[in-house]
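Fold and geometry: a report
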Amino acid sequence: MDQQLNELQEKLKDILTEKRFLHTLGVCHTAACLAMCYGADIKKASIAGILHDCAKCLPDEEIKRRCKEYQIDMTDVEERNPYLLHGKLGAYYAKINYGIKDSDILNAIIYHTTGRPNMSLLEKIIFIADYIEAGRKEISGLSEIRNIVFHDLDKAVYMALENTLKYLNKQIANGQHKEIDKMTLNAYEYYKSGIMEQQNEE
Ligand SMILES: Nc1ncnc2c1ncn2[C@@H]1O[C@H](COP(=O)(O)OP(=O)(O)O)[C@@H](O)[C@H]1O
């Protein structure tokens, strides 16, 4: 394995819980495979994959406190739901603690939970690798996304966004969740219109 990746892996093993570390390795490997398939930079995909959850294993209040301390911009939704900030804080740590300067890698870490409209190839790879890696619980719709992801990345991203919104809306209806970050809704509308255009052309 590449030395930089190996060093990152060793550091993260000490920081993350065992479960989160195994998920991280899964995302790293899946992102590398997707990069091979779609002609993205394999090393960048692996680095973004290994670092995507580097700020995940912190309590909500600690994430919020650190974001304030490092003057990381916070939306109102993020302030009320600080777990949504682990991407932004993770990108900050990737830059400051792990020496990552590449803005595409940093953005892939920032947007890996919510997605966003018009994601770069690397952002889409990390977003979907986080959703489909082999260790993920077999939730409904996952096998369909795994079936399509190596043929149509945008469709897989659209399906994952749709699934996430369905899941969150159900949780809200059951009183188990508070609100949805609009970034995911905007991303969903963006990829939905792309799929519609594609279908109209066929
Ligand atoms: N737009 C959103 N608004 C609110 N919560 C969201 C949104 N998108 C994802 N989530 C939720 O945020 C949590 C963290 O997601 P994620 O970073 O993928 O963590 P994990 O790897 O533990 O699934 C999940 O419970 C997910 O359902």
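Reading guide: rules and limits
- Residue positions within a chain follow its written sequence, with the count starting from 1.
- Predicted model: local features are reported for residues with pLDDT of at least 70 only, side-chain atom pairs are reported and counted for 80 or more only, and whole-chain, interface and lining totals are derived from all residues.
- Secondary structure elements follow DSSP: runs of H or I of four or more residues count as helices, runs of E of two or more count as strands, with numbering from the N terminus.
- Computation of the radius of gyration draws on C-alpha atoms alone. For the globule rule, the value is 2.2 Å times the number of residues to the power 0.38.
- Residues with at least 20 other C-beta atoms within 10 Å of their own are called buried, those with 12 or fewer are called exposed, and the rest are partly exposed. The C-beta atoms themselves are positioned from the backbone.
- Contact between two residues is assigned when their C-beta atoms, built from the backbone, lie within 7 Å.
- UniProt positions are given in the numbering used here, feature names are shortened, and annotations may be inferred rather than shown by experiment.
- As a rule, the C-alpha atoms of each element are fitted with a line to give its axis, helices using only the stretch in contact, and angles between N-to-C directions run from 0 to 180 degrees.
- For this classification, under 35 degrees means roughly parallel, over 145 means roughly antiparallel, 65 to 115 means roughly perpendicular, and everything else is oblique.
- Take the far helix as your reference; a near helix turned counterclockwise from it by less than a right angle gives a left-handed crossing, and one turned clockwise gives a right-handed crossing.
- Here the nonpolar group is Ala, Val, Leu, Ile, Met, Phe, Trp, Tyr, Cys and Pro; Asp, Glu, Lys and Arg are the charged ones; every other residue, Gly included, is treated as polar.
- We call a set of buried Ala, Val, Leu, Ile, Met, Phe, Trp, Tyr and Cys residues a nonpolar core when their C-beta atoms link them within 7 Å.
- Placing the C-beta atom from the backbone, one calls a residue near a molecule or strand if that atom lies within 6 Å of it.

Looking at the overall build of the chain
Within the chain, the regular secondary structure consists of 11 helices and zero strands. Seen in sequence order, the chain has helices and strands lined up from the N terminus as α-α-α-α-α-α-α-α-α-α-α. Its C-alpha atoms give the chain a radius of gyration of 16 Å, within 12% of the compact-globule value 17 Å for 202 residues. Expressed along its principal axes, the backbone C-alpha trace of the chain runs to roughly 50 × 40 × 30 Å. Relative to its full complement of 202 residues, the chain shows a buried share of 36%. The long-range share in the chain, meaning contacts at least 24 apart out of those at least 6 apart in sequence, stands at 57%.

Notes on the UniProt feature "domain: HD" (unreviewed entry) in the chain
In the numbering adopted here, UniProt assigns the feature "domain: HD" (unreviewed entry) to residues 20-135. Secondary structure over residues 20-135 splits into 65% helix and 0% strand, and the C-alpha atoms at its two ends are 10 Å apart.

Side note on the packing of helix α4 (residues 60-69) against helix α6 (residues 86-96)
Two elements in contact, α4 and α6, have axes whose closest approach is 10 Å; the angle formed by their N-to-C orientations is 55 degrees. Classified by the angle between their axes, α4 and α6 sit oblique to one another. You can see that α4 and α6 cross each other, and the crossing is left-handed. Together, Ile63, Arg66 and Cys67 of α4 and His86, Lys88 and Leu89 of α6 make up the contact between the two elements. Its residues placed into classes, the contact of α4 with α6 shows three nonpolar, one polar and two charged.

A closer look at the nonpolar core
Ala31, Ala48, Ile125 and Ile128 are the most contacted members of the largest nonpolar core, which totals 50 residues. When sequence neighbours within four positions are dropped, the list of residues in contact with isoleucine 128 reads Val149, Leu153, Ala156, Val157 and Ala160.

Describing the site of the ligand
Around the ligand, a shell composed of Tyr83, Leu84, Thr113, Thr114, Asp130, Thr164, Leu168, Ile180, Asp181 and Thr184 is seen. Looking at side-chain class alone, the shell around the ligand contains four nonpolar, four polar and two charged residues.

A word on the environment of proline 82
Note that proline 82 resides in the loop between α5 (76-80) and α6. Exposure remark for proline 82: the 20 C-beta atoms within 10 Å place this residue in the buried category. Spatially, the C-alpha atoms of proline 82 and leucine 58 are 10 Å apart, while their sequence positions differ by 24 residues. Dropping the residues within four chain positions of it, proline 82 is found in contact with Asp60, Glu61, Ile63 and Lys64.

Here's the deal with the packing of helix α2 (residues 18-38) against helix α8 (residues 121-132)
Between α2 and α8, the shortest axis-to-axis distance is 9 Å and the interhelical angle comes to 135 degrees. One finds that α2 runs oblique with respect to α8. Here α2 runs over α8; the crossing is right-handed. Here Val27, Thr30, Ala31, Leu34, Ala35 and Tyr38 of α2 come into contact with α8, specifically with Leu121, Ile125, Ile126, Ala129, Asp130 and Ile132. For the contact of α2 with α8, a count of residues per class yields 10 nonpolar, one polar and one charged.

What to know about unusual backbone geometry
In this structure, glutamine 71 takes a positive phi of about 55 degrees despite not being glycine. With respect to the helices and strands, the residue glutamine 71 is situated in the loop between α4 and α5. Under the C-beta neighbour-count criterion, glutamine 71 is labelled exposed, with 8 such atoms within 10 Å. The phi torsion at asparagine 118 lies on the positive side, around 55 degrees, for a residue other than glycine. Checked against the element boundaries, asparagine 118 lands in the loop between α7 (103-110) and α8.

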